Amino acid sequence: MNKILYTIIFSSLLFFGCNDDYMERYPLDAISDVTYWKSPSEIKMYANQFYEDLYIPQDFRNNSSDLKTDDMAPTTRNSYVWGETTVPSSGGGWGKADWGKIRSCNFALRRIEEMAKSNEVLMYEGEIRLFKSFFYFNKVKLFGDVPWLDKDLQTNSEELFEGRTPRGEVVQHILEDLDFAILHLPEQSSEDRLTKYAAYALKAEICLYEGTFIKYHGLPGDYESLLRASVAASEAVINSGLFDIYNTGNPNEDFFNLFIQRELKGNIEGIMIQRFLIDIRTHNMTRELSEAYNGYTKDFVESFLCTDGLPINLSPLYQGDNIIDDEFVNRDPRMQQSVYNSNRPFRIFYDGTIYYKPLPEFINTLSPTSYFILKGFSPYERDIEKQRCEIDLFTYRYGKLLLDYAEAKAELGECSQDVLDISINKLRDRVNMPHMNVNINFIDPNWPNWEVPVTPLINEIRRERRIETCAEGRRWDDLVRWKAGKLLENEKTLLGARNPDTGDLQVLYSGKKRTWSDKLYLQPIPLEDLALNPQLTQNPGW
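Owing to the predicted nature of the structure, the values given are computational and were not obtained by experimental measurement.

S.K.: Just checking my understanding: could you explain the overall build of the protein chain for this structure?
M.R.: Regarding its fold elements, the protein chain presents 20 helices and 8 strands. Relative to the compact-globule value of 24 Å for 542 residues, the protein chain shows a C-alpha radius of gyration of 24 Å, a close match. In the protein chain, which comprises 542 residues, the share counted as buried stands at 56%. Put simply, 72% of the contacts in the protein chain that link residues at least 6 apart link residues at least 24 apart. Summed over its atoms, the accessible surface of the protein chain is roughly 22400 Å², and 49% of this surface lies on carbon and sulfur atoms.

Written out as structure tokens, the structure reads:
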């Protein structure tokens, strides 16, 4: 289906969210039960409002979760990970509006209960249940224990004054809803709607997150069962035969090109994608990347292996960092496809003029580290126009699911060479890197100083995850679930490239030292909510 035809379908898909007259007659909180909830198409239209929430284009200046990690160093210090955040009076992810999406899902589910359960009704009910699972797990990641709500509440509902439900119980409800979605969603959708494989991908992600969170934080719970559920969900996608790694045989371009495509429909790596079209739905990510006020850290850049499969401290191929261009020589090809280097165009103007940025360049409004974020950045002038970028984005990517699979198997002690060959080594094949061997044959002195020690194999799987999913908003979740916040104390997370004027590595936030506090693994409950509901308790340390 080309984008012209898709414009017609997408306009219909967004009708519920974009048609002001329709919304005026049927506000979301006051849809007439007398005239609505009569056919599957009405559930479908109601569900349309949630699709954009599945993946919001990242804002690397302000709200990308990567700003809080060891991968990136923004011009302005992130107040949260620097311990400068106080308990809010209200809002903070817990306010009325913050629970609105879950309430809207419950609103629909209670009314669907009264409808005749045809296969089509069940399919769209599966969509609503998946969205509810998605919204609820985001709450679990933020706050841990959260109230489980299964009906749309009113201002006088008793449930508003109940306490927080244990996170294990909430996750169990989430997985029940996802299993319902998996049972009733179709295998494929010509309209780019949710499928059972999108539900499997979300389940694999949730089970891996929660299983490792329980394991590394030492919480009660059966983390092995969650990890096995993650493996089973990933294997359902793998064994479907519908997906693979995007690979045209060009190891120096394929990884870069994967993230700047204007048409991802039909891409073999897309379990689910987000479509963007001029004058219908666009984003601003490329423009913001061109002036990101942010850059990769020295710690991140040093994590790329050399082309012989060895880390920089062990490989004779490493050329050092005295000259920034030398850092890219003989390195994993994903480095020069993720971090800007002077061999790549920085801007291609409408008249065909090409501009190459000289490096290093330490400009706070661009990149304070001179390690510019290249992944997802298009040099074409048309993509840098304000809110006019139509590059498609992944919601669920097969490459990321393969990483989930390998990690879950390794955490269970079941990661064989066969597992690596159908997961991580497929990612390495794309960029012509040596295969990972289940028996890691080196000890990297630069392996992270994990608070909870791990095996060499898990170390290398975590490295692969860091490299493959950089700038996709995944790193913060990984640090949290691995109980790895102390990695932010590493001074290399506050360093950039070497400055030829001084001969020293560029230092950010001079004179400042970052100290991690475990309270940051969960966010605080606002003061007003604690005062209004005595059954609520504050998260540890706040």
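Moving on, there is more to tell.
S.K.: How do you make sense of the pairing of strand β8 (residues 504–507) when you look at a structure like this?
M.R.: Side chains on a regular strand alternate between the two faces of the sheet. Pairing of strand β7 (residues 495–499) with β8 involves 3 bridges; the strand directions are antiparallel. Across the sheet, the residue bridging to Asn 499 is Asp 504, located in β8. Remark: 4 residues form the turn of the hairpin made by β7 and β8, two consecutive strands paired antiparallel; Gly 503 in that turn has positive phi of roughly 80 degrees.

S.K.: Teacher, can you tell me more about the pairing of strand β2 (residues 270–274) here?
M.R.: Counting buried positions over the 5 residues of β2 gives 5, a clear majority of the element. The pairing of β2 with strand β6 (residues 393–397) spans 4 bridges and is classified as antiparallel. The partner of Gln 274 across the bridge, within β6, is Leu 393.

S.K.: Teacher, can you tell me more about the packing of helix α9 (residues 223–240) against helix α15 (residues 398–411) here?
M.R.: Geometrically, a packed helix pair is captured by the angle between its two axes and the distance between the axes. Two elements in contact, α9 and α15, have axes separated by 9 Å at closest approach and are oriented at 140 degrees. Taken together, the axes of α9 and α15 are oblique relative to one another. Considering only the axes of α9 and α15, their crossing is left-handed. On the side of α9, the interface is formed by Leu 227, Ser 230, Val 231, Ser 234, Glu 235, Val 237 and Ile 238, while α15 contributes Tyr 398, Leu 401, Leu 402, Asp 404, Tyr 405, Ala 408, Lys 409 and Glu 411.

S.K.: What is the right way to read the packing of helix α6 (residues 119–143) against helix α7 (residues 167–184) from this model?
M.R.: It is at 8 Å that the axes of α6 and α7 come closest, and there the two elements cross at 155 degrees. By the angle between their axes, α6 is roughly antiparallel relative to α7. You can see that α6 and α7 cross each other, and the crossing is left-handed. In this structure, α6 uses Leu 122, Met 123, Glu 125, Gly 126, Arg 129, Leu 130, Lys 132, Ser 133, Tyr 136, Phe 137 and Val 140 to contact α7, whose residues at the interface are Arg 167, Val 170, Val 171, Ile 174, Asp 177, Leu 178, Phe 180, Ala 181 and His 184. Taken together, the residues of the contact of α6 with α7 sort by class into 12 nonpolar, 3 polar and 5 charged.

S.K.: Hey, could you run me through the environment of Ile 280 in this one?
M.R.: Within the element layout of this structure, Ile 280 appears in the loop between β2 and α11 (285–290). Judged by relative accessible area, which is 30%, Ile 280 ranks as partly exposed.

S.K.: Just checking my understanding: could you explain the state of the cysteines for this structure?
M.R.: Here a disulfide denotes a covalent bond joining the sulfur atom of one cysteine to the sulfur atom of another. Under the definition given, this model contains 0 disulfides. Left without a disulfide partner, Cys 207 is nearest to the cysteine sulfur of Cys 415, which lies 18 Å away. By relative accessible area, which is 1% here, Cys 207 ends up buried.

S.K.: Just checking my understanding: could you explain helix α4 (residues 40–47) for this structure?
M.R.: Residues three or four positions apart in an α-helix share a direction because the helix packs 3.6 residues into each turn. Of all the residues in α4, the buried ones are Pro 40, Glu 42, Ile 43, Tyr 46 and Ala 47. Buried positions in α4, seen along its axis, are confined to an arc of 160 degrees and lie on one side of it.

S.K.: When you look at the pattern of salt bridges in this model, what are you seeing that I'm missing?
M.R.: Charged atoms that come close allow side chains of opposite charge to pair. Summed over all chains, the structure comprises 59 salt bridges. In this structure, Glu 269 engages Arg 397 in a salt bridge whose closest nitrogen and oxygen atoms are separated by 2.7 Å. Highlighted residues: Glu 269 in the loop between α10 (254–258) and β2 and Arg 397 in strand β6, separated in sequence by 128 residues. Per residue, the accessibility class of Glu 269 equals that of Arg 397, and both read buried. Its salt-bridge partner being Lys 400, residue Asp 404 comes within 2.9 Å of it at the nearest N-O pair. With a gap of 4 residues between them, Asp 404 and Lys 400 both fall in helix α15, about one helical turn apart. Residue Asp 404 shares its accessibility class with Lys 400, and that shared class is buried.

S.K.: Even after reading the chapter, I still don't get the environment of Asn 284, so can you show me in this structure?
M.R.: Mapping Asn 284 onto the fold places it in the loop between β2 and α11. The class of Asn 284 is buried, set by a relative accessible area of 12%. Expressed as a C-alpha distance, the spacing of Asn 284 and Ile 391, which sit 107 residues apart in the sequence, is 9.7 Å. Aside from chain neighbours lying at most four places away, what touches Asn 284 is Glu 385, Lys 386 and Gln 387.

S.K.: I would appreciate a short explanation of the packing of aromatic side chains in the present structure.
M.R.: Working definition: an aromatic ring pair is given by the centre-to-centre distance plus the angle between the planes. Evaluation of the coordinates by the stated rule reveals 34 aromatic pairs. Ring centres of Phe 300 and Phe 304 lie 5.2 Å apart, and the angle between their planes is 75 degrees; this geometry places the pair in the edge-to-face category. For Phe 300, a relative accessible area of 0% translates into the label buried. Relative to Phe 372, the ring of Tyr 340 has its centre 6.3 Å away and its plane inclined at 75 degrees; by these criteria the two rings are edge-to-face. Here the residue Tyr 340 occupies a position in the loop between α13 (333–336) and β4 (347–348), and Phe 372 occupies one in the loop between β5 (354–355) and α14 (381–384), the gap between them amounting to 32 residues.

S.K.: How should unusual backbone geometry be read in this particular structure?
M.R.: One can expect most non-glycine residues to show negative phi and most peptide bonds to be in trans. With an omega dihedral of 0 degrees, the bond running from Leu 359 to Pro 360 counts as a cis peptide bond. Mapped onto the elements, Pro 360 comes out in the loop between β5 and α14. Unlike most non-glycine residues, Trp 37 shows phi in positive territory, near 60 degrees. Along the chain, the position of Trp 37 falls in the loop between α3 (20–25) and α4. Residue Trp 37 is classed as buried on the basis of its relative accessible area of 7%. Notably, Asp 192 is not glycine yet its phi reads approximately 60 degrees, a positive angle. Mapped onto the elements of the fold, Asp 192 is located in the loop between α7 and α8 (196–217).

S.K.: Quick question: what am I supposed to make of the side chain of Lys 196 here?
M.R.: Structurally, the position occupied by Lys 196 is in helix α8. A distance of 3.1 Å separates the side chain of Lys 196 from the backbone oxygen of Leu 185, its partner in a polar contact.

S.K.: Looking at this structure, how should I read the environment of Arg 463?
M.R.: With respect to the helices and strands, the residue Arg 463 is situated in helix α18 (residues 456–468). For the pair Arg 463 and Phe 107, spaced 356 residues apart in sequence, the C-alpha to C-alpha distance is 42 Å. In this structure, Arg 463 is in contact with Ser 303, Leu 305, Pro 311, Phe 442, Asp 444 and Trp 447, ignoring residues within four places of it in sequence.

The rules behind the values
Residues numbered from 1 in each chain as written. Predicted model: local features only at pLDDT ≥ 70, side-chain atom pairs only at ≥ 80, totals over all residues. Heavy atoms only, no water. Helix = DSSP H or I, 4+ residues; strand = E, 2+ residues; numbered from the N terminus. Rg over C-alpha atoms; globule rule 2.2 N^0.38 Å. Buried < 20%, exposed > 50% of the residue type's maximum accessible area, 1.4 Å probe, protein only. Contact = heavy atoms within 4.5 Å. Areas by Shrake-Rupley, 256 points an atom, 1.4 Å probe, with all protein chains shown as cover. Pairing = 2+ DSSP bridges. Axes fitted to C-alpha atoms, helices over the stretch in contact; angles between N-to-C directions. Parallel < 35°, antiparallel > 145°, perpendicular 65-115°, else oblique. Left-handed = near helix turned anticlockwise from the far one by under 90°. Nonpolar A, V, L, I, M, F, W, Y, C, P; charged D, E, K, R; others polar. Disulfide = S-S within 2.5 Å. Arc of directions from axis to C-beta. Salt bridge = Lys/Arg side-chain N within 4 Å of Asp/Glu carboxyl O. Phe/Tyr/Trp six-rings, centres within 6.5 Å; stacked < 30°, edge-to-face > 60°. Polar contact = N/O pair within 3.5 Å; in protein donor to acceptor, adjacent residues only side chain to side chain.

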